[in-house]
Amino acid sequence: MARTQQARTETTPRQKRLVLVTSEKGGVGKSVTARTLVEYLREGATRVAAYDADGSVGGLIRVLGTRDEAGELLAEQDPTVGVGYYNIRDGAESHTVLNCLGTGEPLIVHDLAGGSLADLTRITDMGEGLDDLLAAVDENGYRVTVLHLITSEVAATRSVDRWIKLVGDRVDHVAVRNTRWGKAESDFPFWHGYTDGDGESRGGKVRTRLLEELGGLEISLPALPAGTFAKVDADDLPFSAAASASRLTIVERSHVARYRREAAAALEHLRPVLGL
C-alpha cells in the first residue's frame, strides 16, 4: 500500500523530485525500467531530465540518447530531450548526481549503475553514509524517490535492506517487481517470504518494512517475450518506436504494444509519489 498523500491543489507548489533507479545487484532491469519510465513521462508531456550513470555505454543513453543524422549518439546531450551521462564510479563525475540539481529541473531521473551505493556515499559523506548527500538534496528543494528493482534473487532484496538502513523514511521508496522472473509471489521468495522445508518462515521482512513502516509503494512491471526484447534491444529501439517498427513482425509489434499498455498502467501508481 502506498502512503496516503494529500491531493495537491493549484496553490500548492509541486516539490521537485530526484528519482534514483537502483539495485546493488546487476542485471535486474534497471535500465529497462528507467527507459520505460522516461518514455512514459515524456509521452504524457511531463518534462523529465534523464541521466545515465554508466557513462556513454549505458543502456539508457544507448536507447533514448539524441543522435545525429548518421545515427551516432551526440556527445553533447540535453537531458530534457535525450540523456545526460556520467560515470558514477569516477570520483569527479559522480558529483553529477548533486550538481544536476542546480538546473532546477522539477523532475530528474538517474539510471544508477549496479553496485553504486558506495559511490553515492563518497560524494559528500566520505563513504560514511548518505546524510550529507540527502541534506544537500533537501537544501536544493528536492525530495528523493528510490526505485528498487526486485527479482527472485536474494541480492535484490538485500539491496533494498541496505538502502533502508541508510536512508529510512527520508526518501520515498518504490519496489519495482520485474516480472521477467515471474508473476506469482512464490517467484520472489526472499521479497514476499516463504516457508522452508523445516517449516521455518524466511524472507519477507524487508518488504513489510518498506510497505508498512515506511509507507512505500510496490508495483510490477510487465515483461516482453525474450525473443522480442532481444530484437528491440539489439536495434536500440525506444519502445514507442518498436511498437510500429517494420523490422519486427506483426506479433512482435503486438508484444511491444501490450508491454507499453501494461507498463503505463503500472506507472500510473507512481504519479502521486512524484507529485504529478
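Residues numbered from 1 in each chain as written. Predicted model: local features only at pLDDT ≥ 70, side-chain atom pairs only at ≥ 80, totals over all residues. Heavy atoms only, no water.

Trainee: Break down the pairing of strand β6 (residues 172-178) for me, with residues and values.
Mentor: Burial of β6 is extensive: 7 of the 7 residues sit out of reach of the surface. Side chains of β6 alternate between two faces, with Asp-172, Val-174, Val-176 and Asn-178 and His-173, Ala-175 and Arg-177 buried alike. The pairing of strand β5 (residues 142-150) with β6 spans 6 bridges and is parallel. By the bridge assignment, Val-146 is partnered in β6 with His-173. Direction of pairing for β6 relative to strand β9 (residues 217-221): parallel, over a ladder of 5 bridges. Within β9, the residue paired with Val-176 across the bridge is Ile-219. (Buried < 20%, exposed > 50% of the residue type's maximum accessible area, 1.4 Å probe, protein only. Helix = DSSP H or I, 4+ residues; strand = E, 2+ residues; numbered from the N terminus. Pairing = 2+ DSSP bridges.)

Trainee: Can you break down the side chain of Asp-111 residue by residue, with the values?
Mentor: Locating Asp-111 in the fold gives a position in strand β4 (residues 107-111). Despite its burial, Asp-111 pairs with no opposite charge; the closest candidate is Lys-30, at 6.2 Å N-O. Those residues within four positions of Asp-111 in sequence are excluded, and the remaining contacts are Val-21, Lys-30, Ser-31, Ala-34, Tyr-51, Asp-52, Ala-53, Asp-54 and Leu-60. (Lys, Arg positive; Asp, Glu negative; His and termini not counted. Salt bridge = Lys/Arg side-chain N within 4 Å of Asp/Glu carboxyl O. Contact = heavy atoms within 4.5 Å.)

Trainee: Could you give an account of the packing of helix α9 (residues 226-234) against helix α11 (residues 250-267), naming the residues involved and the relevant values?
Mentor: Following both chains from N to C, one finds α9 and α11 inclined at 90°, their axes separated by 10 Å at the closest point. By the criterion of interaxial angle, the relationship of α9 to α11 is roughly perpendicular. Taking contact as the criterion, the partners of Thr-228, Lys-231 and Val-232 in α9 are, on α11, Glu-252, His-255 and Val-256. The residue makeup of the contact of α9 with α11, split by class, is 2 nonpolar, 2 polar and 2 charged. (Axes fitted to C-alpha atoms, helices over the stretch in contact; angles between N-to-C directions. Parallel < 35°, antiparallel > 145°, perpendicular 65-115°, else oblique. Nonpolar A, V, L, I, M, F, W, Y, C, P; charged D, E, K, R; others polar.)

Trainee: Before we move on, could you go through the pairing of β5 and cite the residues and values that matter?
Mentor: Taking burial as the measure, the 9 residues of β5 include 8 buried ones, the bulk of the element. Note that strand β1 (residues 16-22) and β5 share 7 bridges and pair parallel. Opposite Thr-22, over in β5, you have His-148 as the bridge partner. The handedness of the β5 to β6 crossover, carried by helix α6 (residues 154-167), is right-handed. (Right-handed = clockwise from strand over helix to strand, strands pointing away.)

Trainee: Which residues make up the nonpolar core, and what values go with them?
Mentor: In terms of nonpolar packing, the biggest core is built from 39 residues, with Val-19, Leu-37, Leu-147, Val-174 and Leu-270 touching the most fellow members. Counting 28 residues, the second largest nonpolar core, distinct from the first, contains Leu-101, Val-144, Val-146 and Trp-163. (Core = buried A, V, L, I, M, F, W, Y, C linked by side-chain atoms within 4.5 Å.)

Trainee: I'd like a rundown of the pattern of salt bridges, residues and numbers included.
Mentor: Working definition: two side chains of opposite charge can pair if their charged atoms are close together. Tallying each qualifying case throughout the model produces 18 salt bridges. A salt bridge links Asp-233 to Arg-35; the shortest N-O distance between them is 3.1 Å. Of this pair, Asp-233 sits in helix α9 while Arg-35 sits in helix α1 (residues 30-43), placing them 198 residues apart in sequence. Two residues, Asp-119 and Arg-122, come together in a salt bridge whose shortest N-O distance is 2.7 Å. Of the two residues, Asp-119 and Arg-122 both sit in helix α4 (residues 117-124), 3 residues apart, roughly one turn of that helix. For Asp-119, a relative accessible area of 10% translates into the label buried. Owing to a relative accessible area of 49%, Arg-122 belongs among the partly exposed residues under this scheme. Each of Arg-35, Arg-62, Arg-67, Asp-233 and Asp-236 takes part in salt bridges that share partners, so that together they form one network.

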